[in-house]
Amino acid sequence: MNKYIKLPGLIDIHVHLRDPGQTHKEDFHSGSVAALAGGITTVFDMPNNLKPVFTKHVLEEKLEIAAQKSACNFGLYFGTNGENISEFEGIYDKVVGLKVYLSETTGKYTVTDEEKIQKIFASWICPKPIVVHAEGKKADLAIKYARDFKRKLHVAHVSTAEELDQVLEAKKSGMPISCEVTPHHLFLTDKDLDRLKGYGLVKPPLATRKDQDYLWAHINEIDCVASDHAPHTMEEKESDTKYFGMPGLETLLPLLLTAVHEGRMCMDDIVRMTNTNPQRIFDFKQNEGNIVEVDPEFEFEIKNENLKTKSGWSPFEGKTLNGKITNVQVKL
Ligand code: DOR
Ligand code: ZN
């Protein structure tokens, strides 16, 4: 029997490729090559660049850069701080959705003023999702406004039982709401911080074992897995300044295949969370020629020196995984 398995190319709905502005960390070329190495054939890139994607002009500049440099399929998010609402009208057909930061993270684009949050939800007159970075109680706030204005909501990187419960409860009420988890929240906890030091800093922070167990216990109800690939250089991560985020494009699929090997999820979950649901939620069709072939039993060790990401490191370095990517096809 053929030991290789073919899966539809993965769609990673949450990456930060840092281009333009911080291409010493990553750019569309290095980031998309890392994506392909990880079996990911489509990436959706976040707007919190040094010059945030808050205007049609900046969006068009970035679209051009991505079109020139990307080795895989891509989509871009628009961003808002509540001051650029007049730009919405001109960008609906150029983006995959709107990203709103309700909690602190890289780039200082957090919206805290409730009036502004309300105005954002009221003004996004588009069926494409509003994706929120909403930690703890902030998730409730986003759900409230999405419900009030009948917007499609996607909650990024759910990491605690409290956040997941809020989403699952809203789902039960029939709202168009979805969520994602990251591999680092599924495979690392706050116990890893002593070992990882600065490399373990990320938003939302690595959570407790109890929270992690809760995510695994509800894996069937979680819509997507997304890397939140957030590259910073090793020098930055080892400095006294706090840089939040970790690369993840190349380890996402091997980690999930390892979870299948261990009986914690099945291959259908991988397809559902990285392909079918992303297409459903973001209402698009990936080219069916985008294929990844894997050897699900192949055992190998994650080594920084083998990574394609410009950042050059992984929080999973030294970990032995089961499941290697053997071939990737992408139709550009
Ligand atoms: O740790 C994080 N880093 N979390 C985010 O939400 C953003 C990301 C980044 O852009 O560095
Ligand atoms: Zn992110």
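Calculation notes
Residues numbered from 1 in each chain as written. Chains lettered and ligands numbered in written order. Predicted model: local features only at pLDDT ≥ 70, side-chain atom pairs only at ≥ 80, totals over all residues. Heavy atoms only, no water. Donors = N, O, S within 2.8 Å, 3.2 Å for Na, K, Ca; no water. Helix = DSSP H or I, 4+ residues; strand = E, 2+ residues; numbered from the N terminus. Buried < 20%, exposed > 50% of the residue type's maximum accessible area, 1.4 Å probe, protein only. Salt bridge = Lys/Arg side-chain N within 4 Å of Asp/Glu carboxyl O. Axes fitted to C-alpha atoms, helices over the stretch in contact; angles between N-to-C directions. Parallel < 35°, antiparallel > 145°, perpendicular 65-115°, else oblique. Left-handed = near helix turned anticlockwise from the far one by under 90°. Contact = heavy atoms within 4.5 Å. Polar contact = N/O pair within 3.5 Å; in protein donor to acceptor, adjacent residues only side chain to side chain. Nonpolar A, V, L, I, M, F, W, Y, C, P; charged D, E, K, R; others polar.

S.K.: Would you mind going over the coordination of the zinc ion (ligand 2) with me for this structure?
M.R.: Four donors placed tetrahedrally about a metal ideally form angles of 109.5 degrees, and six donors placed octahedrally ideally form angles of 90 or 180 degrees. At this site the zinc ion (ligand 2) is bound by His14 (NE2), His16 (NE2) and Asp228 (OD), with donor distances of 2.0 to 2.2 Å. Going along the chain, you hit the donors of the zinc ion (ligand 2) in the pattern H-x1-H-x211-D. Here Asp228 lies in the loop between β9 (224–225) and α9 (234–238) and His16 lies in the loop between β2 (10–15) and α1 (28–37), a separation of 212 residues in the sequence. For the pair formed by His16 and Asp228, the shared burial category is buried.

S.K.: I keep staring at the pattern of salt bridges and nothing clicks. Help me out?
M.R.: Note on pairing: side chains with opposite charge can pair once their charged atoms come close. Considering all chains together, one arrives at 17 salt bridges under this definition. Between Glu262 and Arg264 there is a salt bridge whose closest N-O contact spans 3.9 Å. Here Glu288 makes a salt bridge to Lys285, at a shortest N to O gap of 3.4 Å. Each member of the pair Glu288 and Lys285 is classed as exposed. Residues participating in the shared-partner salt-bridge network are Lys171, Asp223 and Arg280.

S.K.: Looking at this structure, how should I read the packing of helix α3 (residues 114–123) against helix α4 (residues 138–149)?
M.R.: The axes of two packed helices give the description: the angle between them and the distance between them. For the pair α3 and α4, interaxial distance at closest approach is 9 Å and the crossing angle is 40°. One element, α3, and the other, α4, form an angle in the oblique class. Every pair of crossing elements has a handedness; the one defined by α3 and α4 is right-handed. Counting all contacts with α3, which are made through Glu114, Ile117, Gln118, Phe121 and Ala122, the residues of α4 involved are Leu141, Ala142, Tyr145, Ala146 and Phe149.

S.K.: How should I be thinking about the environment of Asn81 in this particular structure?
M.R.: Here Asn81 shows up in the loop between β4 (73–79) and β5 (97–101). In this view, Asn81 contacts Phe54, Val111, Lys116 and Ile120; residues no more than four positions away in its chain are not counted. Here Glu83 takes part through its backbone nitrogen, which lies 2.9 Å from a polar atom of the side chain of Asn81.

S.K.: Honestly, the packing of helix α5 (residues 161–172) against helix α8 (residues 209–217) in this entry has me stumped. Any pointers?
M.R.: The N-to-C vectors of α5 and α8 enclose an angle of 30°; their axes lie 9 Å apart at closest approach. Considering their axes alone, α5 and α8 lie roughly parallel with respect to each other. Of α8, the residues touching α5 (which contributes Ala161, Leu164 and Asp165) are Asp211, Tyr214 and Leu215. Here the contact of α5 with α8 is built from residues that sort into four nonpolar, no polar and two charged.

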